[in-house]
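# Fold and contact review
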Amino acid sequence: MSSVLLPLFAESDVSGAAANVAEVAAETVSGFSSVDTIWVLLGAALVFFMHPGFTMVEAGFTRAKNTGNIAMKNMLTFALGTIVFTIIGFGLMFGEGNPYIGIVDLLSGRAIANEYGAGSYPGVVFLIFQTVFCATSATIVSGAMAERTKFGTYCLYCIVLCAVIYPISGHWIWCSDGWLSKAGFHDFAGSTVVHMVGGLSALIGAAFLGPRIGKYTADGKPRAILGSNLALGCLGVLILWFGWFGFNGASTVCATGDDVLTSMGSIFVTTNLAAAVGTAVTMIITWFRYGKPDVSMTLNGALAGLVGITACADVVSPLGAIGVGTLSAIFLVIAIEFIDKVLHIDDPVGAISVHGVCGVVGTLCVALFADPKVNSDFTGLFYGGSIDLLITQATGIIAVAIWIAITMLILFGVLKATVGLRVSKIDELEGLDISEHGLASAYADFNITDQLHGIVAHEEGKVPVSQAVTIEHTAPKTVAPKMVDPNRPKFSKVEIICRQNKFEELKDALNAINITGMTVTQVMGCGMQKGSSEFYRGVQVDIQLLPKVRVEVVVTKVPVDLVIETAKKTLYTGNIGDGKIFVYDVENVVKVRTGVEGYSALQDE
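In short, a report on the structure. (Residues numbered from 1 in each chain as written. Predicted model: local features only at pLDDT ≥ 70, side-chain atom pairs only at ≥ 80, totals over all residues. Heavy atoms only, no water.)

### Examining the nonpolar core
- Phe133, Tyr157, Tyr166, Trp174 and Met408 are the most contacted members of the largest nonpolar core, which totals 113 residues.
- Beyond its immediate stretch of four places on either side in the chain, Tyr157 contacts Ser137, Ala138, Val141, Met408, Leu411, Phe412 and Leu415.
- Within the second largest apolar cluster, 16 residues are counted, among which are Val494, Val549, Val551 and Val563. (Core = buried A, V, L, I, M, F, W, Y, C linked by side-chain atoms within 4.5 Å. Buried < 20%, exposed > 50% of the residue type's maximum accessible area, 1.4 Å probe, protein only. Contact = heavy atoms within 4.5 Å.)

### Brief notes about the side chain of Asn69
- You can see Asn69 is positioned in helix α4 (residues 67-94).
- You can call Asn69 buried: its relative accessible area is 0%.
- The residues contacting Asn69, other than those within four sequence positions of it, are Phe151, Leu432, Asp433, Glu436 and His437. (Helix = DSSP H or I, 4+ residues; strand = E, 2+ residues; numbered from the N terminus.)

### What about the packing of aromatic side chains?
- Under the definition given, this model contains 21 aromatic pairs.
- Note on Phe90 and Phe94: the rings are 5.4 Å apart at their centroids and 50° apart in plane angle, and the pair reads as tilted. With Phe90 and Phe94 both in helix α4, this residue pair falls four residues apart, about one helical turn.
- On the accessibility criterion, Phe90 (0% relative accessible area) is buried.
- What makes Phe94 buried here is its relative accessible area of 3%.
- Three or more aromatic residues link up through ring pairs in this structure, and these residues are Phe85, Phe90, Phe94, Tyr121, Phe126 and Tyr166.
- The ring of Tyr154 carries the charged tip of Lys73 above its face, separated from the ring centre by 5.3 Å.
- The side chain of Lys493 reaches across the aromatic face of Tyr584, ending 5.1 Å from its centre. (Phe/Tyr/Trp six-rings, centres within 6.5 Å; stacked < 30°, edge-to-face > 60°. Lys NZ or Arg CZ within 6 Å of the ring centre and 35° of its normal.)

### A word on the state of the cysteines
- Tallied over the entire structure, the rule returns zero disulfides.
- There is no disulfide at Cys312, and the cysteine sulfur nearest it, in Cys365, is 5.5 Å away. (Disulfide = S-S within 2.5 Å.)

### Here we look at the pairing of strand β1 (residues 491-499)
- Counting buried positions along β1 gives seven out of nine residues, so the element sits mostly inside the fold.
- Here seven bridges tie β1 to strand β6 (residues 580-586), and the two strands are oriented antiparallel to one another. Note on β6: the bridge partner recorded for Ile497 is Lys580.
- As paired strands, β1 and strand β5 (residues 546-555) are joined by eight bridges and run antiparallel to one another. Note on β5: the bridge partner recorded for Ile496 is Val551. (Pairing = 2+ DSSP bridges.)

### Side note on the pattern of salt bridges
- Under the definition given, this model contains 13 salt bridges.
- In this structure, Asp340 and Lys215 form a salt bridge, with 3.6 Å as the shortest nitrogen-oxygen distance. In this pair, Asp340 sits in helix α12 (residues 318-342) while Lys215 sits in the loop between α8 (191-209) and α9 (230-249), placing the two residues 125 residues apart along the sequence.
- Since its relative accessible area comes to 9%, Asp340 is described here as buried.
- Residue classification places Lys215 among the buried residues on the basis of a relative accessible area of 6%.
- Close ionic contact of Arg499 with Asp578 constitutes a salt bridge, the shortest N to O distance being 3.4 Å. Note that Arg499 is positioned in strand β1 and Asp578 in the loop between α18 (560-571) and β6, a separation of 79 residues in sequence.
- Accessibility expressed as a relative area gives 23% for Arg499, which makes it partly exposed.
- Asp578 gets classed as buried once you look at its relative accessible area, which sits at 13%.
- Among the charged side chains, a salt-bridge network with shared partners connects Arg63, Glu147, Arg212 and Asp346. (Salt bridge = Lys/Arg side-chain N within 4 Å of Asp/Glu carboxyl O.)

What follows is the structure, encoded as structure tokens:
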């Protein structure tokens, strides 16, 4: 984006696509190009559509009791970000000023004036395009701070980031008189401007918050807290992948001229290829490390490749895009494990690794993979270039990181000391839907079950004092025993827990011994082995609840031993998880429709 935007704000010597923009603008009778205007607006719409994707990823990777809160955060991120960026941030980012900050006269409304767009489309078109980028950076933080952040505090963070912090560092890179822009720093569509800013902000915010209750044991070992809906998370990733064609492709801010059209096609190819490679490489790495390919980390791998290619999509060849996607995937897995297991920073969705770490990787990849045949202005080290570009890229990363670190430490420190960052323990355990929004469940008419991780420690049955929940006990009532008629037939309930794939076979076997009445329930559970040893985001799951089927039958005419032997013979494989059989005495049976009790209630009429 940076090189193409220069003619929009100042006269400069720009080659390639940027020069083409100026030429087309001069030849356009009306002063604006319809094609360029529509292309930039379409790109803005595609980037806006990424926000539903972010919402789905965050909701899918976290627990159902917080889904409504996540939806509200993502809605308000865009709404509040739009307001403050339009009024304040846009002027600070692109207004006339100095190499470090733009100046905007709020009273004259210059923040939305057409003079901000002196190229082939109106300035307000560029305003909406930049607005959706700003909101994207802000929403990254939401995922890393999910499930324990006060809603009001999060809104205040969004306002400050979009109004001041993001625009100032963006001015350095994407405004023609910014000091990093003049130094030759290249960040085409925002690996640093958007993603590293959001990722580093997320790191600091999550560190201030601390981990979710139950995320770590007393000795610091991480526990896996499973996402509620990975199918929703996958849909969110695919929507983000789709929207990224606008994020990178429309950052040409021009769609006229052969050179630009060729560049647009190349950007689409490199963007798609880096995402695909990031997905595949992450899957392979997790497959080797954990024995099975990790679903959530593979989804992160797609986003890692997209973030990595964002800075260099306009300067790399397809071969270079493969290198960018590969490096992004490798650093993604390393970063997720390091942040979780070493730094003990709880990031439920991997936002810090995806956006922060891979944003840095992608920005440095400009200096490694830039192909002069694709863009003659840049030559990477792997194509015979000098180390100067690498130094420039590293300098820009360090400068932006220092700015974000200082401002975010101050912002989160002030928020923590005043309004507070984190909800209470009880509110966190109940879920932010009910505590922050009065919403019993975001999934109406569905029965929500949720594991309260960490409430009870697994070591020696102890409950951590900081996480203890008081339970009031009452003495059981004394009930006089009923007299049992020795002549009454004996009733027994047989409860069978079995694998799902064995149910049909069990049903047929029970029917063969004249058991036609049964109650069947789908359940989750595990035995003494605590389920099979599986990994989630690189962390071994403490207790893996596996899907099972519970079959309940009450018998009196059919011998209990026959039912047991039939079930054992049907379900046996010799492997862990074959199931269990429980037998209970039943005092009486009553048929509701007829009122018949005892033996007759179990027989056909």
